[in-house]
Amino acid sequence: MTPFTADKMFLHADRIADWQAGKLPPPVTVELDLTNLCNHACPGCTFSHLVNVDKSSIPFDLAIRIVKELGEIGVKGLTFSGGGEPLVYGEARVIRLMAEARAAGMATALITNGSLLRSERLLELCKWIRVSLDGYDAETFAKFHGRTEGEFEKVCQNLKTMAAMDKHGCTLGAGFLTDAGSLARGDFDKMASFCAGFPGLDYLQFRPLVLSMVADPTMQGGGLPSTEDVAAIMVAYQEVRKRHQRPGYRVLMSSDKYLALAEPNAGRTYDRCHAHFLQAIICADCKVYLCCHGQGLERFCLGDLRENGFAEIWRSDRAREVYERTNPQHDCPPACRLHSQYRALQQLQRSEHGSFI
């Protein structure tokens, strides 16, 4: 069991039961993108279309209202992410929103590029913080983040400082998005070795770069590895895991997504977005979307929070229509975030003789 396995959804068996009964339970997790503004310029940014074209931010008073509504409907976890860099929205405002979320009964988390990560209060409020490091030296960092002039060193120092300050049990991780050239460059070993030198870092996660459907209209996944490379990637991962993992520091990988790429149609045996009820995405344009990959696309928009409350949007005819007509086999990119959950729920839906284990 890792923080990234599909098994966690079975902790919410009541919501799965509601889904099986044809009901629409509230999402377990919501990702809140407060702003599309970002202080980095990652060439392969999943949300480049938002960062480069749409400079929206959620008005603070509306953000407060949204957080309270999410608590009222029964959301369990709230992830502050992007879109842009969440801390560009303002550290004090993010902390206030996190405190409101905690008061409303939700756990909070943060995904950040690490450049503005300084406050111990974030460690106190968050169950986990993941830094999108995506680099093991200044050269690779500049390649993936589009920033030089000491930015890599600053982010690394912030990460080390936060790890040293943590007395609250916050899980602190680093992420690395792999692309089609990662295997040839030796990214797996170099990144795992580099992060092993961070005292207090709990894990490193490798996952494939999957661009949104606006950033990659072909829906081929951007820089995904070829089918032929997948087996070699899995071998490389097992080797670096054995070489660099130690107690207190795990080397993790979204293996299910890599393995799916070696299957026909990237393993998309499902033709419905079965796991839509597990999470929701709220973007900086104040709209709710079916998933992170469809941000900015009207056909994946469930509603506008400037016009309606979250519960009303979530249970609307418009939302149900979006769920029912979305076919991941031709509407979505490969290796999407909830791929494993889709497959597990499809199997659960088709299972026979459930009274016999």
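For the structure, see preceding data.
First, a word on scope: everything that follows refers to the structure included in this document. (Residues numbered from 1 in each chain as written. Predicted model: local features only at pLDDT ≥ 70, side-chain atom pairs only at ≥ 80, totals over all residues. Heavy atoms only, no water.)

**Overview of the overall build of the protein chain**
Part 1: Tallying secondary structure elements over the protein chain gives 15 helices and ten strands in all.
Part 2: Taken over the C-alpha atoms alone, the protein chain extends approximately 50 × 45 × 40 Å along its principal axes.
Part 3: Restricting the contact set of the protein chain to residue pairs at least 6 apart, pairs at least 24 apart contribute 73%.
Part 4: With the model as given, the accessible surface of the protein chain reaches about 15200 Å², and the carbon-plus-sulfur share is 51%.
Part 5: The protein chain carries 40 positive and 42 negative side-chain charges, and their two centres are separated by 3 Å. (Helix = DSSP H or I, 4+ residues; strand = E, 2+ residues; numbered from the N terminus. Contact = heavy atoms within 4.5 Å. Areas by Shrake-Rupley, 256 points an atom, 1.4 Å probe, with all protein chains shown as cover. Lys, Arg positive; Asp, Glu negative; His and termini not counted. Charge placed at Lys NZ, Arg CZ, Asp CG, Glu CD.)

**Looking at the sheet that holds strand β8 (residues 279–282)**
Part 1: Read across the sheet, ten strands follow the order β7-β6-β5-β4-β3-β2-β1-β8-β9-β10 without closing on themselves; strand pairing throughout is mixed. Either end of the sheet is taken by a strand with one partner, and the two such strands are β7 (250–253) and β10 (301–304). Strand-to-strand, the axes of this sheet are offset by a mean angle of 20°, without reference to chain direction.
Part 2: Running at roughly 155° to strand β6 (residues 203–208), helix α9 (residues 187–195) makes contact with β5 (171–178), β6 and β7 of the sheet. (Pairing = 2+ DSSP bridges. Axes fitted to C-alpha atoms, helices over the stretch in contact; angles between N-to-C directions.)

**Digging into the layout of surface pockets**
Part 1: Quantified by volume, the second largest pocket comes out at close to 280 Å³.
Part 2: Lining the second largest pocket are 13 residues, with Trp-19, Arg-272, His-276, Arg-320 and Gln-349 positioned closest to its centre.
Part 3: Going through the elements one at a time, α1 (13–20) and α13 (317–325) are the ones with two or more residues in the lining of the second largest pocket.
Part 4: Looking at the lining of the second largest pocket, its residues break down into four nonpolar, five polar and four charged. (1 Å grid on protein atoms, 1.4 Å probe; cavity = no way out; pocket = protein on both sides within 12 Å on 5 of 7 lines; lining within 4 Å. Points joined across faces, edges and corners; volume = space filled by probe spheres on them. Nonpolar A, V, L, I, M, F, W, Y, C, P; charged D, E, K, R; others polar.)

**What to know about the environment of Gly-200**
Part 1: Tracing the backbone through its elements, the reader meets Gly-200 in the loop between α9 and β6.
Part 2: For the pair Gly-200 and Thr-171, spaced 29 residues apart in sequence, the C-alpha to C-alpha distance is 9.3 Å.
Part 3: Excluding residues that lie within four positions of it along the chain, Gly-200 makes contacts with Ala-163 and Leu-172.

**Some words on the packing of aromatic side chains**
Part 1: A complete count under the given rule lists eleven aromatic pairs for this structure.
Part 2: Measuring from centroid to centroid gives 5.5 Å for Phe-141 and Phe-152, while their planes differ by 50°, and the two rings are tilted. Taken together, the residues span a long stretch of sequence, with Phe-141 in helix α6 (residues 138–145) and Phe-152 in helix α7 (residues 151–165) at a distance of eleven residues.
Part 3: For Phe-152, a relative accessible area of 8% translates into the label buried.
Part 4: Taking 5.2 Å as the distance between ring centres and 75° as the angle between the ring planes, the aromatic pair formed by Phe-194 and Phe-198 counts as edge-to-face. (Phe/Tyr/Trp six-rings, centres within 6.5 Å; stacked < 30°, edge-to-face > 60°. Buried < 20%, exposed > 50% of the residue type's maximum accessible area, 1.4 Å probe, protein only.)

**So, the side chain of Arg-130**
Part 1: If you trace the backbone, Arg-130 turns up in strand β4 (residues 126–132).
Part 2: As a buried residue without a salt bridge, Arg-130 has its nearest oppositely charged side chain in Glu-31, at a separation of 7.4 Å.
Part 3: In this structure Arg-130 touches Phe-4, Leu-110, Ile-111, Thr-112, Gly-173, Ala-174, Gly-175, Tyr-203, Gln-205 and Arg-207, once residues within four positions along its chain are discounted. (Salt bridge = Lys/Arg side-chain N within 4 Å of Asp/Glu carboxyl O.)

**A short note on helix α10 (residues 227–244)**
Part 1: Between its terminal C-alpha atoms α10 stretches 26 Å, which fits the 26 Å expected from 18 residues at 1.5 Å a residue.
Part 2: Residues of α10 that are buried: Val-230, Ile-233, Met-234, Ala-236, Tyr-237, Val-240 and His-244.
Part 3: Where the residues of α10 are buried, they touch α8 (182–185), α9, β6, β7 and α11 (255–260). (Expected span 1.5 Å × (residues − 1).)

**Structural notes on unusual backbone geometry**
Part 1: Of note, the amide linkage connecting Gly-82 to Gly-83 takes the cis form, showing an omega dihedral of 15°.
Part 2: Counting through the fold element by element, Gly-83 comes out in the loop between β2 (77–81) and α4 (91–103).
Part 3: Here the phi dihedral of Asn-265 falls at roughly 55°; this positive angle occurs in a residue that is not glycine.
Part 4: Tracing the chain through its elements places Asn-265 in the loop between α11 and β8.
Part 5: Residues other than glycine seldom take positive phi values, yet Ala-266 does so here, at roughly 55°.
Part 6: Secondary-structure assignment places Ala-266 in the loop between α11 and β8.
Part 7: Under the relative-accessibility criterion, Ala-266 is labelled buried at 10%.

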